[in-house]
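Secondary and tertiary structure notes
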Amino acid sequence: NLILLVAAVSLIVAGTTTAFAGKKIVNGIDANFPPFAYIDKTGKPAGFDVEAMEWIAKDLGLEVEHMPIDWDGIITSLLTKKIDIIASGMSITPDRSEKVTFTIPYWKINQVMVVKKDSTLTMNDLMKGGKKIGVQQGTTEAKWLKAESEPRAWNFKLGYYSSSPLAVEDVLNGRIAAAAMDDAPAHDAVSKKDVKILGNFGMEAEDFGYAVRKDETELLEKINASLKKLMATPYWDELAVKYNLK
Ligand code: ARG
């Protein structure tokens with residue numbers, strides 16, 4: 001029975017393996033995270049991280065495919081070899097670093113609250129007024145707000161969403177008072193919808209990095225070298241301007 005079980009498990013693992021074979025790399029993206037990763041009007045993956053990965057792959061002589069994956073399960077997808085890398089606006093954290101290895105940091109990110117444009121709420125109203133706040137499930141802001149609520153005597157209720165834009169929709173229709181997210185997607189929302197940024201709510205700035213499996217040391221070295229190279233080219237700043245990060 002044990003042998004059967006082992007055989008079955010091996011089959012399942014083999015069936016889902018697209019392990020980095022040295023030619024093609026599969027990048028897992030949260031396709032609802034503009035401006036870092038999203039699907040454009042023509043149905044193609046776009047965004048700062050998508051284009052950065054295109055450059056890196058070309059530099060390394062690899063093909064890259066961007067595969068939309070649910071954010072909350074994206075690390076699992078990396079560990080089970082459904083994807084080979086996560087280049088999609090992920091903060092480097094000690095928790096995540098226990099499971100995956102991150103590249104060098106490439107972007108500093110702050111966390112902010114997004115409210116309706118005509119809202120008169122203060123940050124204090126929001127945190128202590130029994131309001132509902134939306135967060136994307138599986139994010140550092142979701143974890144932080146949950147952990148800090150009691151020690152800081154906050155009494156908001158958290159609502160969980162599969163993406164930041166969905167939380168913004170509920171801010172607009174009044175189901176929640178605010179949505180907590182990274183500043184870049186917040187600015188993106190402000191440029192498209194009747195919302196504004198209320199400001200930082202106490203989290204420390206984080207660093208984005210790209211994640212690979214811990215045993216892919218050669219891939220990590222290559223990506224790091226290429227990323228460093230890319231960050232020193234004018235194209236890096238052009239990308240940042242193109243995606244309104246600067
Ligand atoms: N800073 C947060 C984190 O790393 C939010 C990132 C959300 N990124 C995304 N692609 N949805 O958890």
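Sequence order as written defines the numbering, with residues in each chain counted from 1. Reporting in this predicted model follows two pLDDT cut-offs: at least 70 for local features of residues, and 80 or more for side-chain atom pairs to be given and counted; totals over whole chains, interfaces and linings ignore these cut-offs and use all residues. Hydrogen atoms and water are omitted, and side-chain values are computed over all heavy atoms in the structure.

Some details on the sheet that holds strand E11 (residues 157-161)
- The criterion for strand pairing is that DSSP finds at least two bridges linking the strands in question. Helix numbering and strand numbering both begin at the N terminus, where a helix is a DSSP run of H or I of at least 4 residues and a strand a DSSP run of E of at least 2. Pairing in this open sheet of 5 strands is mixed, and the strands run E11-E10-E12-E9-E13 from one edge to the other. The sheet terminates laterally at E11 and strand E13 (195-200), the two strands that pair on one side only. Put simply, the sheet's adjacent strands are angled 35 degrees from each other on average, direction ignored.
- Pairing between strand E9 (residues 111-116) and E13: 5 bridges, direction antiparallel. Residue pairing in the sheet places Val-114 in a bridge with Ile-197 of E13.
- Most of the contacts of helix H7 (residues 164-172) go to strand E12 (residues 178-182), to which it runs at about 155 degrees, and overall it touches E9, strand E10 (132-136), E11, E12 and E13. Axis lines are fitted to C-alpha atoms, over the contacting stretch for helices. Their N-to-C directions set the angle, which ranges from 0 to 180 degrees. By definition, residues are in contact when any of their heavy atoms lie within 4.5 Å.

Quick look at the domain arrangement of the chain
- Along its sequence, the chain is organised into domain 1 (2-108 + 206-242) and domain 2 (111-200).
- For each domain, the first and last residues come from an automatic or database assignment. Centre-to-centre, using C-alpha coordinates, domain 1 lies 27 Å away from domain 2.
- With 14 residues of domain 1 in contact, the opposing surface of domain 2 contributes 15 residues.
- Roughly 1100 Å² of surface becomes buried between domain 1 and domain 2 when both sides are summed, with 50% attributable to carbon and sulfur atoms.
- Per-residue buried area on domain 1 facing domain 2 is highest for Phe-33, Pro-34 and Trp-71; these three make up 35% of the total on that side.
- A pairing counts as a salt bridge when a side-chain nitrogen of Lys or Arg comes within 4 Å of a carboxyl oxygen of Asp or Glu. Scanning the region where domain 1 abuts domain 2 turns up 1 salt bridge.
- Between Lys-143 and Asp-95 there is a salt bridge whose closest N-O contact spans 1.9 Å.
- Whenever a nitrogen or oxygen atom comes within 3.5 Å of another N or O atom, the pair is scored as a polar contact, on the condition that within protein one atom can donate a hydrogen and the other can accept it, and that pairs from neighbouring residues in sequence are kept only if both atoms are in side chains. Between domain 1 and domain 2 we count 6 residue pairs in polar contact (both at pLDDT 80 or more) in total. In this description, buried area is defined as the sum, over both parts, of the accessible area (probe of 1.4 Å) that is lost when the two are combined.

A word on the environment of Thr-120
- Along the chain, the position of Thr-120 falls in the loop between E9 and helix H5 (123-128).
- Throughout, exposure labels follow a simple rule: accessible area from a 1.4 Å probe, protein chains only, divided by the maximum for the residue type, with under 20% read as buried, over 50% as exposed, and the rest as partly exposed. Judged by relative accessible area, Thr-120 falls into the exposed class, the value being 75%.
- Taking C-alpha positions, Thr-120 is 9.9 Å from Leu-198, a pair spaced 78 residues apart along the chain.

Topic: the pairing of strand E1 (residues 24-29)
- Most of E1 sits inside the fold, with 5 of its 6 residues counted as buried.
- Where E1 meets strand E5 (residues 63-68), 6 bridges bridge the pair, whose relative direction is parallel. Directly across from Ile-25, in E5, lies its bridge partner Val-64.
- The pairing of E1 with strand E6 (residues 85-91) spans 2 bridges and is parallel.

Digging into helix H10 (residues 234-242)
- Of all the residues in H10, the buried ones are Trp-236, Leu-239 and Ala-240. Buried residues along H10 cover an arc of 100 degrees about the axis, so they all sit on one side. Residues of H10 that are exposed and point over 90 degrees away from its buried face: Pro-234, Val-241 and Lys-242.
- The inward-facing, buried residues of H10 contact helix H2 (48-59), strand E8 (107-109) and helix H9 (217-231).
- Just past H10, the residue Asn-244 takes up positive phi, approximately 55 degrees. Directions are taken from the helix axis to each C-beta atom, and the arc is the one they span.

Some thoughts on the side chain of Ser-163
- When you line up the elements, Ser-163 lands in the loop between E11 and H7.
- Among the polar contacts listed, one links the side chain of Ser-163 to the backbone nitrogen of Leu-166, at a separation of 3.3 Å.
- Residue contacts for Ser-163: discarding those within four places in its chain leaves Asn-32 and Gln-136.

Considerations on the environment of Asp-70
- Structurally, the position occupied by Asp-70 is in the loop between E5 and helix H3 (74-79).
- Sequence separation of Asp-70 and Asn-32 is 38 residues, and the distance between their C-alpha atoms is 9.4 Å.

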